[in-house]
Amino acid sequence: MTKNVNGLWSVTLGPLEPNLYEYQFRLDGRKITDPGNDMPKPQRQVDTSLLLIPGTPPDFLDAQNGAHGTMRDETYYSTALGKNRQVLVYTPPSYDRSHAPLPVLYLYHGFWDTRYSWVTEGRLTQILDNLLAEGKAVPMIVVVPEAHALPPEDIPSTDNTPYLKKNQQAVDEELFHDIIPFIETHYRISDDSRERAIAGLSMGGLQAIETGIVHPGYFRWIGAFSPGVRPAAFSDEFNNALKDPKKINKDLLFFDIVTGDDDRNVGEDVTKFEDQLKQANVQHVYTLLAGTHSMLVWRPALYSFLQQIFKR
């Protein structure tokens, strides 16, 4: 950036391709959001702003003309954690005009993020609205829980693997004891296992894989986008389940793993995990997309996953 005679700093960038970008300022060594931008990135510790450059014609993540679904912010009591918690629930445009039960996707965010990550930065609503308008996805309910059942601020060291394992246990317990019963009580969802899916990014990708495999037959579709698949983060139940690949292959209709080709956060771990799945003969689809550990990979991954599920 350069400073003018009035002491104001400025910089000109671009032109940039249509997309949703992250940026931040560093002020005296401190990372801060843009005070003139009303679109902060959803984080537990907010220091980043978002910039949307819409496409012409509109892109898959842009808000377009047509029917729009509804995003509800619900409060439930978590018996697993002993406190009130929040969950976001997307219902399609046709939800209030139909009495038919719908398939449901449980979608988890990543480390240090919040339940709004998939909505604000992930563009879940816009992506699914556009797919439904084009007839490329099945009308569905999407449930976006808080993926931090335990506060990550309490991590005693820079190695968050013990946290990931402990948090996953709490997340899994809360999902089945509290979130699923709440959703079943308040929304019209199908009781057919073929119409239940789970997915997530980074830490949420680990959670989707662990929960999807440890509860055989409950979820038939798993999406893991740049999952944090450190071996020490998996439970003994998960490792034991991998010993029976025939059961996993029978229970799952689609096991989708996507990561960026320049992901320096989890790329090596994902490669090793994918090799492990191949050696165990666990059926899955592994896709490399151009990009790093970011929404520039996860939004297209979600876009593709939503078109695959609940159709077979």
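Just above sits the structure.
Residues numbered from 1 in each chain as written. Predicted model: local features only at pLDDT ≥ 70, side-chain atom pairs only at ≥ 80, totals over all residues. Heavy atoms only, no water.

Visitor: Talk me through the environment of His148; I want residue IDs and the actual numbers.
Guide: With respect to the helices and strands, His148 occurs in the loop between β10 (141–145) and α3 (161–186). The sequence separation of His148 and Asn19 amounts to 129 residues, and the corresponding C-alpha distance is 28 Å. Dropping the residues within four chain positions of it, His148 is found in contact with Arg44, Arg85, His109, Gly110, Phe111, Trp112, Asp113, Tyr163, Asn167 and Met203. Side-chain polar atoms of His148 contact the side chain of Tyr163, separated by 2.7 Å. (Helix = DSSP H or I, 4+ residues; strand = E, 2+ residues; numbered from the N terminus. Contact = heavy atoms within 4.5 Å. Polar contact = N/O pair within 3.5 Å; in protein donor to acceptor, adjacent residues only side chain to side chain.)

Visitor: Can you explain the packing of aromatic side chains? Please cite residues and give values.
Guide: With the rule as written, the count across this model stands at 17 aromatic pairs. Each ring, one from Phe111 and one from Tyr163, has its centre 5.7 Å from the other, and the planes form 85°; the classification is edge-to-face. Separated by 52 residues along the polypeptide, Phe111 in the loop between β9 (104–108) and α1 (117–121) and Tyr163 in helix α3 bring together distant segments of the chain. Here Phe111 matches Tyr163 in class, with each residue buried. Between Phe176 and Phe219, the ring centres sit 6.2 Å apart and the planes meet at 70°, which makes this aromatic pair edge-to-face. (Phe/Tyr/Trp six-rings, centres within 6.5 Å; stacked < 30°, edge-to-face > 60°. Buried < 20%, exposed > 50% of the residue type's maximum accessible area, 1.4 Å probe, protein only.)

Visitor: Explain the packing of helix α2 (residues 124–133) against helix α8 (residues 295–308) to me, and be specific about the residues and the numbers.
Guide: Packing of α2 against α8 brings their axes to within 10 Å, and their N-to-C directions diverge by 40°. When you trace α2 past α8, the crossing you get is right-handed. Facing α2, whose interface residues are Leu124, Ile127, Leu128 and Leu131, α8 presents Arg299, Leu302, Tyr303, Leu306 and Gln307. For the contact of α2 with α8, the per-class residue count stands at seven nonpolar, one polar and one charged. (Axes fitted to C-alpha atoms, helices over the stretch in contact; angles between N-to-C directions. Left-handed = near helix turned anticlockwise from the far one by under 90°. Nonpolar A, V, L, I, M, F, W, Y, C, P; charged D, E, K, R; others polar.)

Visitor: Can you break down the pattern of salt bridges residue by residue, with the values?
Guide: Throughout the structure, instances matching the rule amount to twelve salt bridges. Between Lys41 and Glu22 there is a salt bridge, with its nearest N and O atoms 3.0 Å apart. Placement of the pair is Lys41 in the loop between β5 (30–32) and β6 (49–53) and Glu22 in strand β3 (residues 19–23), with a sequence separation of 19 residues. Overall, Glu22 belongs to the partly exposed group, its relative accessible area being 39%. Here Asp275 and Lys278 are joined by a salt bridge, their closest N and O atoms 3.7 Å apart. In this pair, Asp275 and Lys278 are both assigned in helix α7 (residues 267–279), three residues apart and thus about one turn of the helix distant. (Salt bridge = Lys/Arg side-chain N within 4 Å of Asp/Glu carboxyl O.)

Visitor: Summarise the sheet that holds strand β13 (residues 254–260); cite the residues concerned and give the values.
Guide: Pairing within the open sheet is mixed, and its eight strands lie in the order β7-β8-β10-β9-β11-β12-β13-β14. Looking at strand neighbours, the two that pair on one side only are β7 (70–78) and β14 (285–289), the edges of this open sheet. The sheet shows a mean angle of 20° between the axes of neighbouring strands, direction not considered. Here strand β11 (residues 196–201) pairs with strand β12 (residues 221–225) via five bridges, running parallel. Counted as the bridge partner of Ile198 is Ile222 from β12. Strands β7, β8 (83–91), β9 and β10 of the sheet are contacted by α2, whose axis makes an angle of about 30° with β8. Relative to the sheet, α3 contacts β7, β8, β9, β10 and β11, its axis offset from that of β7 by approximately 115°. (Pairing = 2+ DSSP bridges.)

Visitor: Go over α2 with me, naming the residues and quoting the values.
Guide: By the criterion of burial, α2 is predominantly enclosed, with nine of the ten residues buried. Along α2, the residues classified as buried are Leu124, Thr125, Gln126, Ile127, Leu128, Asp129, Asn130, Leu131 and Leu132. Contacts made by the buried residues of α2 are with β7, β8, β9, α1, β10 and α8. Of the residues one or two after α2, Gly135 is the one with positive phi, at around 70°.

Visitor: Describe the pairing of β13, with residues and values.
Guide: Burial runs high along β13: seven of the seven residues are buried. Across the two faces of β13 the burial is the same, with Phe254, Asp256, Val258 and Gly260 and Phe255, Ile257 and Thr259 all buried. Sheet topology note: the β12/β13 ladder contains five bridges and is parallel. Residue pairing for β13: Trp221 is matched across the bridge by Phe254. One ladder, built from five bridges, connects β13 with β14; its direction is parallel.

Visitor: I'd like a description of unusual backbone geometry, backed by residues and values.
Guide: Look at the link from Gly14 to Pro15: it is a cis peptide, with omega at 5°. Here Pro15 lies in the loop between β2 (9–10) and β3. Cis geometry is adopted by the peptide bond preceding Pro57, which originates at Thr56 and carries an omega value of 0°. With respect to the helices and strands, the residue Pro57 is situated in the loop between β6 and β7. Positive phi outside glycine occurs at Asp28, with the angle close to 55°. Inspection of the secondary structure puts Asp28 in the loop between β4 (25–27) and β5. Residue class for Asp28 comes out exposed when judged on its relative accessible area of 79%. Positive phi values are uncommon outside glycine, yet Arg123 reaches one of about 60°.

Keep in mind these values describe shape, not function.
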